[in-house]
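A look at the structure
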Amino acid sequence: MFCGFCANNSTGAFVTPGIPCTVGSATGDPACPTSNKMCKQKDPAAFGQSLARTITETGSAVGPLTTGGAPVNENAATVFCIFQTGNATIDTAADLPGPGAACVKGAVQLLP
């Protein structure tokens, strides 16, 4: 997943508040405002792992649900981009903006 945000063409500084972009090009992204057309990810890789190139989360579909039936196991998974906070200390410590991932395991039940 590319987690790109708009940055200033001259300085490379990210736009605050963050504006996500999708092209991943240093020459311009249509989602970015004028003079901030650079689309970049803060650092290569992810989660502080320089060799990381892919983030994968695998969820599972919930089986058939019936009102009042037994709970059904499920895994809800997602990969997403985390915006910078605008606080340089926090952004540097957390390496933001950057990718995020989550997986929640649980059970689903429809109650009457």
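Residues numbered from 1 in each chain as written. Predicted model: local features only at pLDDT ≥ 70, side-chain atom pairs only at ≥ 80, totals over all residues. Heavy atoms only, no water.

**Quick notes on the overall build of the chain**
Just so we agree on the cut-off: Only DSSP runs of H or I covering at least 4 residues are called helices, and only runs of E covering at least 2 are called strands; the numbering of each starts at the N terminus. Here the radius of gyration uses the C-alpha set of atoms, whereas the globule reference equals 2.2 Å times the residue count to the power 0.38. Categorising residues by exposure relies on relative accessible area from a 1.4 Å probe, with only protein chains included: less than 20% of the type maximum marks a residue as buried, more than 50% marks it as exposed, and the intermediate range marks it as partly exposed. Any pair of residues with heavy atoms lying within 4.5 Å of one another is described as a contacting pair. Throughout, the Shrake-Rupley method with a 1.4 Å probe supplies accessible areas, and for residues the shown protein chains are the sole cover considered. Only four residue types enter the charge count: Lys and Arg as positive, Asp and Glu as negative, with His and the chain ends excluded. By convention, the point assigned to a charge is CZ for Arg, NZ for Lys, CD for Glu and CG for Asp.
Looking only at helices and strands, one finds one helix and four strands in the chain. Of the regular secondary structure in the chain, the N- to C-terminal order runs β-β-β-α-β. In terms of overall size, the chain is more extended than a compact globule, its C-alpha atoms giving a radius of gyration of 19 Å where 112 residues would be expected to give roughly 13 Å. Counting only C-alpha atoms, the chain reaches 60 × 30 × 25 Å along its principal axes. For the chain, with 112 residues in total, the buried portion stands at 26%. Look at the contacts in the chain between residues 6 or more apart in sequence, and 56% of them connect residues 24 or more apart. For the chain, the exposed surface amounts to about 7,000 Å²; the carbon and sulfur share of it is 58%. When the 5 basic and 6 acidic side-chain charges of the chain are each reduced to a single mean position, those positions are 6 Å apart.

**Comments concerning the packing of aromatic side chains**
How we decide: Each pair of aromatic rings taken from Phe, Tyr and Trp, with Trp reduced to its six-membered ring, is defined by centres within 6.5 Å and is described as stacked if the planes are under 30 degrees apart, edge-to-face if over 60, and tilted in the remaining cases. Only when the NZ of Lys or the CZ of Arg is both within 6 Å of the ring centre and within 35 degrees of the ring normal is a charge said to sit over the ring.
Per the stated rule, a full pass over the model turns up one aromatic pair. Ring geometry for Phe5 against Phe83: centres 5.0 Å apart, planes inclined by 70°, an arrangement best described as edge-to-face. Note that Phe5 is positioned in strand S1 (residues 5-7) and Phe83 in the loop between strand S3 (72-82) and helix H1 (88-94), a separation of 78 residues in sequence. Above the face of the Phe14 ring, Lys40 is positioned so that its terminal group lies 4.9 Å from the ring centre.

**A word on the side chain of Glu74**
Test applied: By the criterion applied in these results, polar contacts are pairs of N or O atoms within 3.5 Å in which, for protein atoms, one can donate a hydrogen and the other can accept it, and in which residues neighboring in sequence qualify only through two side-chain atoms.
On the secondary structure map, Glu74 appears in strand S3. In terms of polar contacts, Glu74 uses its side chain to reach the backbone amide nitrogen of Ala76, at 3.2 Å. Contacts of Glu74, omitting those with residues within four sequence positions, involve Ser60, Val62, Val104, Lys105, Gly106, Ala107 and Val108.

**Topic: a nonpolar patch on the surface**
What counts here: In this analysis, a patch consists of residues with relative accessible area above 30% that form no salt bridge, clustered at 9 Å for like charges and at 5 Å for the nonpolar side chains Val, Leu, Ile, Met, Phe, Trp and Tyr. Between Lys or Arg on one side and Asp or Glu on the other, a salt bridge is scored when a side-chain nitrogen of the former is within 4 Å of a carboxyl oxygen of the latter.
Together, Val62, Leu65 and Leu110 make up an exposed nonpolar region whose accessible area comes to about 200 Å². Here Leu65 is to be found in the loop between strand S2 (38-40) and S3.

**Some remarks on the state of the cysteines**
Going by this rule: Note on disulfides: each one is a pair of cysteine sulfur atoms within 2.5 Å.
For the structure shown, the criterion picks out two disulfides. One disulfide bridge connects Cys6 with Cys32, the sulfur atoms lying 2.0 Å from each other. Between Cys6 and Cys32, the disulfide has an S-S torsion of -85° and is therefore left-handed. Within this pair, whereas Cys6 is found in strand S1, its partner Cys32 is found in the loop between S1 and S2, the two being separated by 26 residues in sequence. Residue Cys6 shares its accessibility class with Cys32, and that shared class is buried. Sulfur-sulfur distance for the disulfide between Cys21 and Cys39 comes to 2.0 Å. Judged by the torsion about the S-S bond (95°), the Cys21/Cys39 disulfide is right-handed. Separated by 18 residues along the polypeptide, Cys21 in the loop between S1 and S2 and Cys39 in strand S2 bring together distant segments of the chain. Per residue, the accessibility class of Cys21 equals that of Cys39, and both read buried. For Cys103, which is in no disulfide, the shortest distance to another cysteine sulfur is to Cys81 and amounts to 18 Å. The partly exposed category is assigned to Cys103, whose relative accessible area is 36%.

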